[in-house]
Amino acid sequence: MSTGRGLLTDYEKNCIAGKKEKQREYEARSRVRARIEGPLMNDIAHLKKHDPELLNELRQVVCDDEIE
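The structure reproduced in this document is the subject of the present report. (Residues numbered from 1 in each chain as written. Predicted model: local features only at pLDDT ≥ 70, side-chain atom pairs only at ≥ 80, totals over all residues. Heavy atoms only, no water.)

1. Considerations on helix α2 (residues 22-50)
Taking 1.5 Å as the rise per residue, α2 with 29 residues should run 42 Å; its terminal C-alpha atoms sit 41 Å apart, in good agreement. Within the span of α2, buried status applies to Glu-25, Ala-28, Val-32, Arg-35, Gly-38 and Leu-47. Considering only its buried residues, α2 is in contact with α1 (10-16) and α3 (52-62). (Helix = DSSP H or I, 4+ residues; strand = E, 2+ residues; numbered from the N terminus. Expected span 1.5 Å × (residues − 1). Buried < 20%, exposed > 50% of the residue type's maximum accessible area, 1.4 Å probe, protein only. Contact = heavy atoms within 4.5 Å.)

Right, dumping it as structure tokens:
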């Protein structure tokens, strides 16, 4: 299993959790949105074309209402 980060860095997690000043939270949210709209969308398009089964696994994780 990979030990790198997923979508958020530890610093961004702390910012979004309110452990840093409010401005840092806004900046972190902006960076995450940019990743979602850019690299993540590109990865999804790639999986859709080349490995739909793996894309389905991603959907199951992302769309799981029971994520804690």
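2. What about the side chain of Glu-12?
Here Glu-12 is to be found in helix α1. Here the side chain of Glu-12 touches Thr-9 through a polar contact of 2.9 Å, landing on its backbone nitrogen. Every residue in contact with Glu-12, bar those within four places of it in the chain, is listed here: Leu-7, Ala-28, Arg-31, Val-32 and Arg-35. (Polar contact = N/O pair within 3.5 Å; in protein donor to acceptor, adjacent residues only side chain to side chain.)

3. Here we look at the side chain of Arg-35
Residue placement: Arg-35 occurs in helix α2. Setting aside residues up to four positions removed in sequence, Arg-35 forms contacts with Arg-5, Leu-7, Leu-8, Glu-12 and Leu-40.

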